[in-house]
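# Residue-level structural notes
What follows is the residue order along each chain.
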Number of protein chains: 2
Amino acid sequence: MREIEQYLKEKAVIVEERLRSYVNNPEIPDRLRESMAYSLLAGGKRLRPILVLAVAEALGGSEEKALPFACAVEMIHTYSLIHDDLPSMDNDDFRRGIPTNHKVYGEAMAILAGDALLTKAFGVLAEGALNADLSRETALGLIRECAVRAGAEGMVGGQVKDLQGEGRSVTLEELQEIHRSKTGDLITLSVRLGSLVSGASEDKLQALTGYAERLGLAFQIQDDVLDVVGDREKLGKPIGSDEQKEKSTYPALMGLEDSKKWVRKLVDEAKSLVLSLEGVRPNRLLAIADYLTYRES
Amino acid sequence: MREIEQYLKEKAVIVEERLRSYVNNPEIPDRLRESMAYSLLAGGKRLRPILVLAVAEALGGSEEKALPFACAVEMIHTYSLIHDDLPSMDNDDFRRGIPTNHKVYGEAMAILAGDALLTKAFGVLAEGALNADLSRETALGLIRECAVRAGAEGMVGGQVKDLQGEGRSVTLEELQEIHRSKTGDLITLSVRLGSLVSGASEDKLQALTGYAERLGLAFQIQDDVLDVVGDREKLGKPIGSDEQKEKSTYPALMGLEDSKKWVRKLVDEAKSLVLSLEGVRPNRLLAIADYLTYRES
């Protein structure tokens with residue numbers, strides 16, 4: 001586990017440096033820039049951007065060309081956290097162990113910082129596509145896909161379904177559908193961006209998409225498992241907080257042991273898909289999949 | 001005035017039809033789709049999208065190709081209104097004579113509907129650029145410009161400056177700067193999108209940008225003038241509402257008569273810029289400029 005942790009740490013530093021440069025812009029009003037930077041540079045696993053970079057690396061692509069795409073996905077992820085934490089949504093006071101954006105900057109600025117990060121993400125995507133010499137079809141297709149997976153049909157739609165599911169019992173199928181859009185779409189997008197910017201063939205893109213979909217679901221189930229067995233320090237949020245909000249979870253719906261088994265099955269499938277590809281360096285992608293499932297250890 | 005009103009009405013119908021088709025998507029959760037459609041299809045002048053179409057028409061461009069860009073700008077405008085109306089921002093209960101989005105759908109859904117419309121706008125831009133056969137440089141440059149003008153350096157930054165200006169006196173220079181970004185950037189973007197999608201030469205693009213900048217400022221000053229002299233029906237918001245919030249206005253800073261004079265000067269300059277161009281059909285652009293200044297009559 002040591003080596004992959006080292007890798008994740010190194011890549012997180014690279015991503016964070018580039019993210020910092022994107023918001024460090026004197027044309028942005030001071031307070032807005034501070035609010036954007038506060039959440040964007042608050043650490044976190046940087047799972048999504050690292051997936052973009054790791055997939056590019058596995059395909060022999062350029063890290064420099066992949067980096068804007070990695071940052072764009074992280075900006076979208078961060079905006080969604082800022083908005084999800086708002087009093088009218090999940091009403092969370094802490095995130096990653098520090099006060100949430102609206103607790104520090106107020107609700108108005110938190111909403112606007114989220115809006116600004118989302119908007120900036122598309123600017124970074126367009127600039128990244130220009131510099132990566134992607135064809136117009138690939139570049140514009142990728143921006144369109146990003147809008148679909150992050151938008152009403154994807155992540156935003158998932159948050160709506162999640163809010164609607166609170167306080168009532170949802171079926172296992174509904175729960176999976178919520179997560180497929182709320183968290184899965186952005187993880188899948190990350191892997192697909194890393195693939196597209198590296199010129200992946202259609203069969204590689206398909207297999208890696210399958211890898212991402214399994215990883216995204218495994219990650220979410222594992223998150224629920226950790227919410228039951230984890231401790232406050234490791235996740236940076238109160239234990240059992242999902243239960244308090246009467247959110248349905250995988251352990252609640254199918255039991256803790258079966259949830260764990262499912263995670264292992266999904267990770268095995270994800271790894272097989274990567275191993276089935278020729279001409280791909282699989283090690284990082286396999287290690288990331290393993291790492292995500294052993295987070296509690 | 002009759003003919004331009006007819007023109008604006010016709011184009012508004014075309015824009016509204018296309019906007020409806022963009023949100024009428026069964027993959028969007030019902031309640032979210034309703035909330036998006038509620039604000040997007042609530043009427044309004046459709047000034048920005050009509051500018052996109054009118055500029056394309058003036059340059060001999062294709063309306064069909066310009067339409068997605070027109071709709072993208074209107075989606076961005078609508079999302080900004082939904083978020084600006086929220087209790088933590090301007091706290092408005094009515095917009096265009098009907099209850100604001102959060103009064104009907106609640107704050108959480110209003111925030112998410114805004115997020116979804118902003119995200120969708122970029123998807124529509126990318127798709128529009130694909131179908132309009134724009135070169136990769138033009139297409140990606142246009143998406144990047146859209147992100148800058150709508151984002152932290154543009155419209156979102158303008159809203160931050162506007163909120164920060166409430167309750168204290170701002171100078172005329174600061175007020176202009178607030179409006180340049182808060183409303184001007186999106187109007188300029190509209191004209192530039194209409195120009196770029198129609199293959200405008202650099203000198204035409206420059207002149208039309210100048211037209212847009214003057215129009216945007218004139219529009220804002222006129223809005224302040226109407227807030228003083230207008231009546232509730234015409235604007236759909238309470239008279240003198242800016243004054244109640246202690247917002248600085250042009251009439252307050254430079255007097256009503258000088259404000260009106262300035263509007264006329266800006267409109268004259270805007271019209272001269274259009275008339276200076278060869279090979280451009282100027283009539284609609286001139287009529288729109290005149291129409292905006294005579295709204296009160």
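What you are looking at is a predicted structure, and each value in this text was computed from that prediction instead of being measured. (Residues numbered from 1 in each chain as written. Chains lettered and ligands numbered in written order. Predicted model: local features only at pLDDT ≥ 70, side-chain atom pairs only at ≥ 80, totals over all residues. Heavy atoms only, no water.)

### Notes on the overall build of chain A
The secondary structure content of chain A amounts to 15 helices and 2 strands. A compact globule built from 297 residues would reach a C-alpha radius of gyration of about 19 Å, and chain A, at 18 Å, matches this within 12%. Seen through its principal axes, chain A has C-alpha atoms that stretch 50 × 50 × 35 Å. Per-residue burial for chain A yields a buried fraction of 61% across its 297 residues. Accessible surface for chain A amounts to roughly 11900 Å². Of this, 47% is attributable to carbon and sulfur atoms. (Helix = DSSP H or I, 4+ residues; strand = E, 2+ residues; numbered from the N terminus. Rg over C-alpha atoms; globule rule 2.2 N^0.38 Å. Buried < 20%, exposed > 50% of the residue type's maximum accessible area, 1.4 Å probe, protein only. Areas by Shrake-Rupley, 256 points an atom, 1.4 Å probe, with all protein chains shown as cover.)

### Comments concerning the environment of R18 of chain A
All names here are of chain A. Topologically, R18 is positioned in helix α1 (residues 2–23). Residues R18 and A70 lie 52 residues apart in sequence; the distance between their C-alpha atoms is 9.6 Å. Aside from chain neighbours lying at most four places away, what touches R18 is E64, L67, P68 and C71. (Contact = heavy atoms within 4.5 Å.)

### A few points about helix α7 (residues 136–150) of chain A
A rise of 1.5 Å per residue sets the reference length of α7 of chain A, with its 15 residues, at 21 Å; its end C-alpha atoms lie 21 Å apart and thus fit the reference within 8%. Buried within α7 of chain A are the following residues: R136, A139, L140, L142, I143, E145, C146, A147, R149 and A150 of chain A. Tucked inside the fold, the buried residues of α7 of chain A contact α4 (63–84), α6 (107–131), α8 (155–165) and α9 (172–197) of chain A together with α6 (107–131) and α7 (136–150) of chain B. (Expected span 1.5 Å × (residues − 1).)

### Quick look at unusual backbone geometry
Glycine aside, residues mostly have negative phi angles, and peptide bonds mostly take the trans form. All names here are of chain A. Positioned with a positive phi, R46 is a non-glycine residue whose angle comes to about 60°. Along the polypeptide, R46 turns up in the loop between α2 (30–40) and α3 (47–58). By relative accessible area, R46 is classed as buried at 2%.

### Remarks on the packing of helix α3 (residues 47–58) of chain B against helix α4 (residues 63–84) of chain B
Residue and element names in this part refer to chain B. Packing of α3 against α4 brings their axes to within 7 Å, and their N-to-C directions diverge by 155°. Compared by their axis directions, α3 and α4 come out roughly antiparallel. Where α3 crosses over α4, the handedness of that crossing is right-handed. In this structure, α3 uses R48, P49, V52, L53 and A56 to contact α4, whose residues at the interface are E63, A66, L67, F69, A70, V73, E74 and H77. Its residues assigned to classes, the contact of α3 with α4 comprises 9 nonpolar, 1 polar and 3 charged. (Axes fitted to C-alpha atoms, helices over the stretch in contact; angles between N-to-C directions. Parallel < 35°, antiparallel > 145°, perpendicular 65-115°, else oblique. Left-handed = near helix turned anticlockwise from the far one by under 90°. Nonpolar A, V, L, I, M, F, W, Y, C, P; charged D, E, K, R; others polar.)

### A closer look at the environment of S272 of chain B
All names here are of chain B. With respect to the element layout, S272 can be found in helix α14 (residues 256–275). Relative accessible area serves as the criterion here: at 46%, S272 is assigned to the partly exposed category. As a C-alpha pair, S272 and A139 span 133 residues in sequence and 29 Å in three-dimensional space.

### Things to note about the relation of the copies chain B and chain A
In screw terms, the move from chain B to chain A is a rotation of 180° and a rise of 0.0 Å along the axis, fitting with an RMSD of 0.0 Å. Look at the turn and shift together and you get a two-fold axis relating the two. No C-alpha of chain B approaches the rotation axis more nearly than that of R136 of chain B, which lies at 2.3 Å. (Least-squares fit on C-alpha atoms with pLDDT ≥ 70 in both.)

### As for the confidence of the model for chain A
Confidence along chain A averages 93 in pLDDT terms, with 93% of residues attaining 70 or more. The ipTM for the predicted assembly is 0.95, set against a pTM of 0.95. (pLDDT = per-residue confidence, 0-100.)

### Quick notes on the interface of chain B and chain A
Chain B puts 48 residues into the contact, and the matching count from chain A is 48 residues. Taking both sides of the interface into account, the surface hidden between chain B and chain A amounts to around 4100 Å²; carbon and sulfur atoms contribute 73%. Of all residues in chain B, L130, R136 and L140 of chain B give up the largest surface area on contact with chain A, accounting jointly for 16% of the area buried on that side. For E127 of chain B, the salt bridge is made with R144 of chain A, and the minimal N-O distance between the two is 3.6 Å. Put simply, chain B and chain A have 12 residue pairs in polar contact (both at pLDDT 80 or more) between them. Broken down by element, the side of chain B that touches chain A gets its largest block of residues, 16 residues, from α6 of chain B. (Buried area = accessible area lost by both parts, 1.4 Å probe. Salt bridge = Lys/Arg side-chain N within 4 Å of Asp/Glu carboxyl O. Polar contact = N/O pair within 3.5 Å; in protein donor to acceptor, adjacent residues only side chain to side chain.)

### Focus on helix α10 (residues 202–229) of chain A
Look at α10 of chain A: 40 Å from first C-alpha to last across 28 residues, which is about the 40 Å you get at 1.5 Å a residue. The buried fraction of α10 of chain A amounts to 21 of the 28 residues, a majority that puts the element mostly inside the structure.

### Some remarks on the side chain of K182 of chain A
Residues and elements named next belong to chain A. Assignment of secondary structure puts K182 in helix α9. Within the structure, the side chain of K182 is placed 2.8 Å from the side chain of Q159, a separation counted as a polar contact. Among residues more than four places away in sequence, those in contact with K182 are D84, D90, M155, G158, Q159, D162 and K247.

### Observations regarding the packing of aromatic side chains
Per the counting criterion, the structure on display carries 5 aromatic pairs over all chains. An angle of 70° between the planes, with centres 5.5 Å apart, marks the rings of Y38 of chain A and Y105 of chain A as edge-to-face. Of the two residues, Y38 of chain A is situated in helix α2 and Y105 of chain A in helix α5 (residues 101–105); the sequence distance between them amounts to 67 residues. On the basis of relative accessibility, which here comes to 21%, the residue Y38 of chain A falls in the partly exposed class. Pairing Y250 of chain B with W262 of chain B gives two aromatic rings, centres 5.9 Å apart and planes at 75°, and the pair type is edge-to-face. Placement of Y250 of chain B in helix α13 (residues 250–254) and of W262 of chain B in helix α14 is noted, with a sequence separation of 12 residues between them. Considered together, Y250 of chain B and W262 of chain B belong to a single accessibility category, that of buried residues. (Phe/Tyr/Trp six-rings, centres within 6.5 Å; stacked < 30°, edge-to-face > 60°.)

### What about the side chain of S35 of chain A?
Tracing the chain through its elements places S35 of chain A in helix α2. Excluding anything up to four places from it in sequence, S35 of chain A contacts N101, Y105, M109 and A113 of chain A.

### Side note on the pattern of salt bridges
Applying the stated criterion across every chain yields a total of 52 salt bridges over all chains. We note a salt bridge from K261 of chain A to D258 of chain A, for which the minimum N-O separation is 3.9 Å. Of this pair, K261 of chain A and D258 of chain A both sit in helix α14 (residues 256–275), 3 residues apart, which is roughly one turn of the helix. For K261 of chain A, a relative accessible area of 51% translates into the label exposed. For the salt bridge of D185 of chain B with R149 of chain B, the shortest nitrogen-to-oxygen distance reads 2.8 Å. Placement of D185 of chain B in helix α9 (residues 172–197) and of R149 of chain B in helix α7 is noted, with a sequence separation of 36 residues between them. What makes D185 of chain B buried here is its relative accessible area of 5%. For R149 of chain B, a relative accessible area of 17% translates into the label buried. Counted as one network, the salt bridges with shared partners bring together E145, R149, K161, E177, R180, D185 and R192 of chain A.

### Topic: the state of the cysteines
Within this structure, the stated rule accounts for 0 disulfides over all chains. Note on C71 of chain A: no disulfide assigned, nearest cysteine sulfur contributed by C146 of chain A at a separation of 13 Å. (Disulfide = S-S within 2.5 Å.)

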